[in-house]
Structure formats: structure tokens, C-alpha cells
Amino acid sequence: MRLAALALTLLSLPQALLQAADPKIATAQGGNRDATLQAELYLTASQIEAAAGAKLPGNLIVVKVRVTPKTEGALAVGPDDFTLLWRKTGERSPALPLNFLGTRERDTLLAVVARRLKDSSTKEPVEGLVFFELDAQAEGKVKSKDLALVYRNKTGQFVVDFN
């Protein structure tokens, strides 16, 4: 009986360690008179791989955004509307262009392109991934509580802080 309990404990230990090593996904939300924004922050390699559908370089940070227009007319939305702010140092990272992966494997490129926020003009909610690069991320120094997402459109901007 004790041996079975010990075996069960040892078998469940790796799963518990994996769950403890991967922090929860940080979120943020906010808005202005033109749009509301919901965002999820992916910092760890496993979170980024699950969101992007591919392994990506270690200095990347991925944010899944959902923008809901509140205007009567169409709202232009795209990755270039976003900047990641590291409040600890003041470093700002604009969204990376689509070619940030260079000439990686075709499957990696296809996975990222399929999930990336696309430029659009819409009256409906849009959702997609926006990719950022912070050198400190490769060193594991970035914490979600120190990050904010700046959303800027033609009529103004607002900042949302991750929890």
C-alpha cells in the first residue's frame, strides 16, 4: 500500500513541477471611446509555443489581443497599433514586422502567420497575436507585473497594465 502511494506521488511530481514552473497567463483590459481591448501575455517558452503554434526565439514576448470597436464606422486595427512597455526600465518595443522570423521553417512561418493579428478595418471584434522583442526576456528578467501594452489608433491611445 505504501509503495503504491509512493509510486503515485512520484509519478505526479513531474506534472506538478511543470505546472508550478509555468506561471499563469497575465491579462489586461481597458478602453477608450473608440475601442475596448482585452489582452493575454505569454512569457514562457511553453506558453508562447502553445499560443503561436511553433517554437520561437527566447527573447520574444507574445500578446494575444482582442479589439472591439465602439465606433459607428469601421476602426482600423493592426499590429503596428501596439507597443509593449517595460515599466522597470522604460524600454519600449514596437510590434515586430511579419518578417521577424527571417527564413525559418515553412511550418513555423505558416503557424505564426495564421495566428498573427492582421491589419483590418472593421466594425466587428478582431483577435490575433502580436509579437514583441525585449532583450531582457532572453535573460529571464521580465515579469508580467512590470509590463504594459500601449494601444494607439487615429483618435488617441490608452495603456493597459498586466496583472
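Residues numbered from 1 in each chain as written. Predicted model: local features only at pLDDT ≥ 70, side-chain atom pairs only at ≥ 80, totals over all residues. Heavy atoms only, no water.

Enquirer: Help me understand the overall build of the protein chain, please; the structure alone is not making it clear to me.
Expert: The secondary structure content of the protein chain amounts to four helices and 10 strands. Starting at the N terminus, the α and β elements of the protein chain follow one another as α-β-β-α-β-β-β-β-α-β-β-α-β-β. Per-residue burial over the protein chain gives 41% buried out of 163 residues. Accessible surface, the protein chain as shown: approximately 9,700 Å² in total, 54% of it carbon and sulfur. (Helix = DSSP H or I, 4+ residues; strand = E, 2+ residues; numbered from the N terminus. Buried < 20%, exposed > 50% of the residue type's maximum accessible area, 1.4 Å probe, protein only. Areas by Shrake-Rupley, 256 points an atom, 1.4 Å probe, with all protein chains shown as cover.)

Enquirer: It is not clear to me how the sheet that holds strand β10 (residues 156-161) should be interpreted in this structure. Could you clarify?
Expert: Within a sheet, adjacent strands bond to each other through the backbone by hydrogen bonds, running parallel or antiparallel. Pairing in this open sheet of four strands is antiparallel, and the strands run β6-β5-β9-β10 from one edge to the other. Strands at the two margins of the open sheet, each flanked by one partner only, are β6 (91-94) and β10. Neighbour-to-neighbour, the strand axes of this sheet turn through a mean angle of 25°, independent of strand direction. Relative to strand β9 (residues 147-153), strand β5 (residues 82-86) is paired through five bridges, and the arrangement is antiparallel. Paired with Leu-85 across the bridge in β9 is Ala-148. (Pairing = 2+ DSSP bridges. Axes fitted to C-alpha atoms, helices over the stretch in contact; angles between N-to-C directions.)

Enquirer: Got a minute to help me understand the sheet that holds strand β8 (residues 126-133) in this structure?
Expert: Taken in spatial order, the four strands make up an open sheet running β1-β2-β3-β8, and their pairing is antiparallel. The outermost strands of the open sheet, each flanked by one partner alone, are β1 (26-31) and β8. Across the sheet, the axes of successive neighbouring strands diverge by a mean angle of 20°, strand direction being ignored. Bridge count between strand β3 (residues 60-69) and β8: eight bridges; the pairing is antiparallel. Bridge pairing in β8 places Val-62 opposite Phe-131.

Enquirer: Any chance you could explain the nonpolar core here in plain terms?
Expert: Considering soluble globular proteins, one finds that nonpolar side chains tend to be buried as a cluster. Phe-82, Leu-147, Leu-149 and Phe-162 are the most contacted members of the largest nonpolar core, which totals 30 residues. Put simply, the parts of the chain that give this core at least two residues each are β1, β2 (35-42), β3, β4 (75-77), β5, β8, β9 and β10. For Leu-149, the contacting residues outside a window of four places in its chain are Leu-37, Ala-39, Val-63, Val-65, Phe-82, Thr-83, Leu-84, Phe-132, Phe-158, Val-159, Val-160 and Phe-162. Core analysis: the second largest hydrophobic core is formed by 13 residues, Ile-48, Leu-96, Phe-100 and Phe-131 among them. (Core = buried A, V, L, I, M, F, W, Y, C linked by side-chain atoms within 4.5 Å. Contact = heavy atoms within 4.5 Å.)

Enquirer: What am I meant to see in the confidence of the model for the protein chain here?
Expert: Parts of the prediction with low pLDDT should not have their coordinates interpreted in detail. Averaged over all residues, the pLDDT of the protein chain is 86; the fraction at 70 or higher stands at 86%. The model gives residues 4-11 a pLDDT under 50, and that stretch makes zero contacts with residues more than four places away or in other chains. In this model residues 15-20 is a low-confidence stretch, pLDDT under 50, and it forms zero contacts with partners more than four residues away in sequence or in other chains. (pLDDT = per-residue confidence, 0-100.)

Enquirer: Explanation requested: the packing of aromatic side chains in the structure shown.
Expert: Where two aromatic rings form a pair, the distance of their centres and the angle of their planes describe that pair. Across all of its chains, the model carries three aromatic pairs by this definition. Considering the side-chain rings of Phe-82 and Tyr-151, the 5.0 Å spacing of their centres and the 35° angle between planes classify their relative orientation as tilted. Taken as a pair, Phe-82 in strand β5 and Tyr-151 in strand β9 lie far apart in primary sequence, 69 residues in all. By the burial criterion, Phe-82 is buried, and Tyr-151 matches it. Taken together, the ring pairs in this structure connect Phe-82, Tyr-151 and Phe-158 into an aromatic cluster. (Phe/Tyr/Trp six-rings, centres within 6.5 Å; stacked < 30°, edge-to-face > 60°.)

Enquirer: What exactly am I supposed to notice about helix α2 (residues 45-52) here?
Expert: Residue pairs three or four apart in sequence face the same way in an α-helix, which turns once every 3.6 residues. Taken residue by residue, α2 has Gln-47, Ile-48, Ala-51 and Ala-52 as its buried positions. When α2 is viewed along its axis, its buried side chains cluster within an angular range of 110° and face the same direction. With respect to the buried face of α2, the exposed residues turned more than 90 degrees away are Ala-45 and Ala-50. Buried positions along α2 lie against β2, β3, α3 (106-115) and β8. Of the residues flanking the end of α2, it is Gly-53, one or two places downstream, whose phi is positive at about 80°. (Arc of directions from axis to C-beta.)

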